[in-house]
Amino acid sequence: MKTLIAATLLLLLPMGAQAGCTIKDFAIENFTPGLASVGSSTRITLRGDLVNHCAEAAAGQIRIDIKDDKGTVLQSKDVWPAGTGNVPAGDRVHFDVGRLFRYKDGMSAFTATITDVRIW
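Residues numbered from 1 in each chain as written. Predicted model: local features only at pLDDT ≥ 70, side-chain atom pairs only at ≥ 80, totals over all residues. Heavy atoms only, no water.

Description of the overall build of the protein chain
Applied cut-off: The way it works is that DSSP assigns letters per residue, a run of H or I at least four long becomes a helix, a run of E at least two long becomes a strand, and they are numbered from the N terminus. Here's how the labels work: a residue is buried when its accessible area is under 20% of the maximum for its type, exposed when over 50%, partly exposed in between, all with a 1.4 Å probe on protein chains only. Per-residue and other accessible areas were derived by the Shrake-Rupley procedure at a 1.4 Å probe size, with only the shown protein chains allowed to occlude residues.
Scanning the protein chain for helices and strands turns up 1 helix and 6 strands. Traced from its N-terminal end to its C-terminal end, the protein chain shows the element sequence α-β-β-β-β-β-β. Taking all 120 residues of the protein chain together, the buried fraction comes to 28%. With the model as given, the accessible surface of the protein chain reaches about 7,500 Å², and the carbon-plus-sulfur share is 54%.

Some thoughts on the pairing of strand β4 (residues 73-79)
Rules: When DSSP finds two or more bridges between a pair of strands, those strands are recorded as paired.
Bridge analysis of strand β3 (residues 59-67) against β4 gives 6 bridges, and the strand direction is antiparallel. Note that in β4 the partner of Lys 67 across the bridge is Val 73. Counting the residues that bridge the hairpin from β3 to β4 gives 5 residues, and of these Gly 71 lies at a positive phi of roughly 90 degrees.

A few points about the layout of surface pockets
Convention followed: Buried and open spaces are told apart on a 1 Å grid over the protein atoms alone, a cavity being a set of points where a 1.4 Å probe fits but cannot get out and a pocket being an open set with protein on both sides within 12 Å along at least five of seven lines. Residues with an atom within 4 Å of a point are the lining residues. Grid points are joined across faces, edges and corners, and a volume is the space filled by probe spheres set on the points. Charged residues are taken to be Asp, Glu, Lys and Arg, nonpolar residues to be Ala, Val, Leu, Ile, Met, Phe, Trp, Tyr, Cys and Pro, and polar residues to be all remaining types, Gly included.
By volume, the largest pocket amounts to about 170 Å³. Every residue along the wall of the largest pocket is listed here: Val 38, Ser 41, Thr 42, Arg 43, Ile 44, Gly 98, Arg 99, Leu 100, Phe 101, Arg 102 and Tyr 103. Considering every element that reaches the lining of the largest pocket, the biggest residue donor is strand β2 (residues 41-52), with 4 residues. A per-class count over the lining of the largest pocket returns 5 nonpolar, 3 polar and 3 charged.

Concerning the pattern of salt bridges
Applied cut-off: We count a salt bridge whenever a side-chain nitrogen from Lys or Arg sits within 4 Å of a carboxyl oxygen from Asp or Glu.
Going through the model one piece at a time under the given rule, you end up with 4 salt bridges. Notably, a salt bridge pairs Arg 47 with Asp 96, separated by 3.1 Å at the nearest N-O pair. With Arg 47 in strand β2 and Asp 96 in strand β5 (residues 92-96), this pair connects stretches of sequence that are 49 residues apart. Assessed through its relative accessible area of 41%, Arg 47 is described here as partly exposed. Taking relative accessible area as the criterion, Asp 96 reaches 24% and is therefore assigned partly exposed. Among the charged side chains, a salt-bridge network with shared partners connects Glu 29, Asp 49 and Arg 92.

Description of the nonpolar core
Definition in use: Side-chain atoms within 4.5 Å link the members of a nonpolar core, which is a set of buried Ala, Val, Leu, Ile, Met, Phe, Trp, Tyr and Cys residues. Two residues qualify as a contact provided that any one of their heavy atoms is within 4.5 Å of a heavy atom in the partner residue.
If you look at the biggest cluster of nonpolar residues, it comprises 20 residues, and the most contacted ones within it are Ile 44, Leu 46, Leu 50, Ile 62, Ile 66, Val 97 and Phe 101. Residue assignment for this core shows that the elements contributing at least two residues are β2, β3, β5 and β6 (109-118). When near neighbours in sequence (up to four residues on either side) are disregarded, Ile 62 contacts Ile 28, Leu 50, Lys 77, Asp 78, Val 79, Pro 81, Phe 95, Thr 113, Ile 114 and Thr 115.

Re the sheet that holds β4
Strands belonging to one sheet form pairs held by backbone hydrogen bonds; the direction of such a pair is parallel or antiparallel. For clarity, the threshold we go by: Axes here mean lines fitted to C-alpha atoms, for a helix over just the part in contact, with angles spanning 0 to 180 degrees between N-to-C directions.
What the 3 strands build is an open sheet, ordered β4-β3-β6; its pairing is antiparallel. The open sheet is flanked by β4 and β6, the only strands paired with a single partner. Strand-to-strand twist across the sheet, computed as the mean angle between neighbouring axes with direction ignored, equals 15 degrees. Pairing analysis gives 9 bridges linking β3 to β6, with the strands arranged antiparallel. By the bridge assignment for β6, Gln 61 is matched with Asp 116.

A short note on the sheet that holds strand β1 (residues 26-38)
Here we have 3 strands laid out as an open sheet, ordered β1-β2-β5, and antiparallel in their pairing. Two strands bound the open sheet, and with one partner strand each, they are β1 and β5. Averaged over all pairs of adjacent strands, the angle between strand axes in this sheet comes to 10 degrees, irrespective of strand direction. Pairing geometry for β2 and β5, over 5 bridges, is antiparallel. For Gly 48, the partnering residue across the bridge sits in β5 and is Phe 95.

Okay, here's the thing in structure tokens:
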């Protein structure tokens, strides 16, 4: 019985650690999308800072949506700007995920939202 209780506590402990940080504890600042002509192609830049306002180190996942002028999503990707590392409490990580996207005619709106939080 003691083994069952100990195993249950060990299973639930990581869940409790993640419950302290939520999507609302992270912010995206200085998000700057851009297009640049490079030779005969167009390069996309999607730069910004993911800021951790949580009391502990954690990681935030962001979703980038690229839409046309009618609001139709042309491309979408979920990324972890800090990779599999945590962003220290009160700190930020700079990102540029433009290389993950390919330019297409009609791109007009670029949005970044926080979709998940995890403690690695």
